[in-house]
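Reading the structure
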Amino acid sequence: MKRALCLIALLGLAACGVDGEPERPVSTNVGISVGSGGHVGGSIGVSRGPLTVGVGIF
């Protein structure tokens, strides 16, 4: 009985977000550009929370 109550309490805490702030999901973006004279470029970026990393080639 004691184990069942502990399990229910643990599941309740996990369900309500008490374990910390909810994190924003990872988001990505990809871009392709074509300039005058046929020049092609591209970029890719990844964001998670406050961190953003991106790379571009033009």
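One face of the sheet, then the other: side chains in a regular strand alternate in exactly this way. By the criterion of burial, strand β3 (residues 51-57) is predominantly exposed, with just zero of the seven residues buried. When strand β2 (residues 40-48) meets β3, the two strands line up antiparallel, connected through seven bridges. Its bridge partner lying in β3, Arg48 is registered against Leu51. What sits between the antiparallel neighbours β2 and β3 is a turn of two residues, in which Gly49 has the positive phi angle 65 degrees.

A separate point is the sheet that holds β2. With respect to topology, three strands assemble into an open sheet ordered β1-β2-β3, the strand pairing being antiparallel. Every interior strand has two partners, whereas the edge strands, β1 (27-34) and β3, have only one. Adjacent strand axes in the sheet meet at a mean angle of 10 degrees when their direction is disregarded. The pairing of β1 with β2 spans eight bridges and is classified as antiparallel. Bridging from a neighbouring strand, Ile32 pairs with Gly42 of β2.

About the cut-offs
- Residues numbered from 1 in each chain as written.
- Predicted model: local features only at pLDDT ≥ 70, side-chain atom pairs only at ≥ 80, totals over all residues.
- Heavy atoms only, no water.
- Buried < 20%, exposed > 50% of the residue type's maximum accessible area, 1.4 Å probe, protein only.
- Helix = DSSP H or I, 4+ residues; strand = E, 2+ residues; numbered from the N terminus.
- Pairing = 2+ DSSP bridges.
- Axes fitted to C-alpha atoms, helices over the stretch in contact; angles between N-to-C directions.

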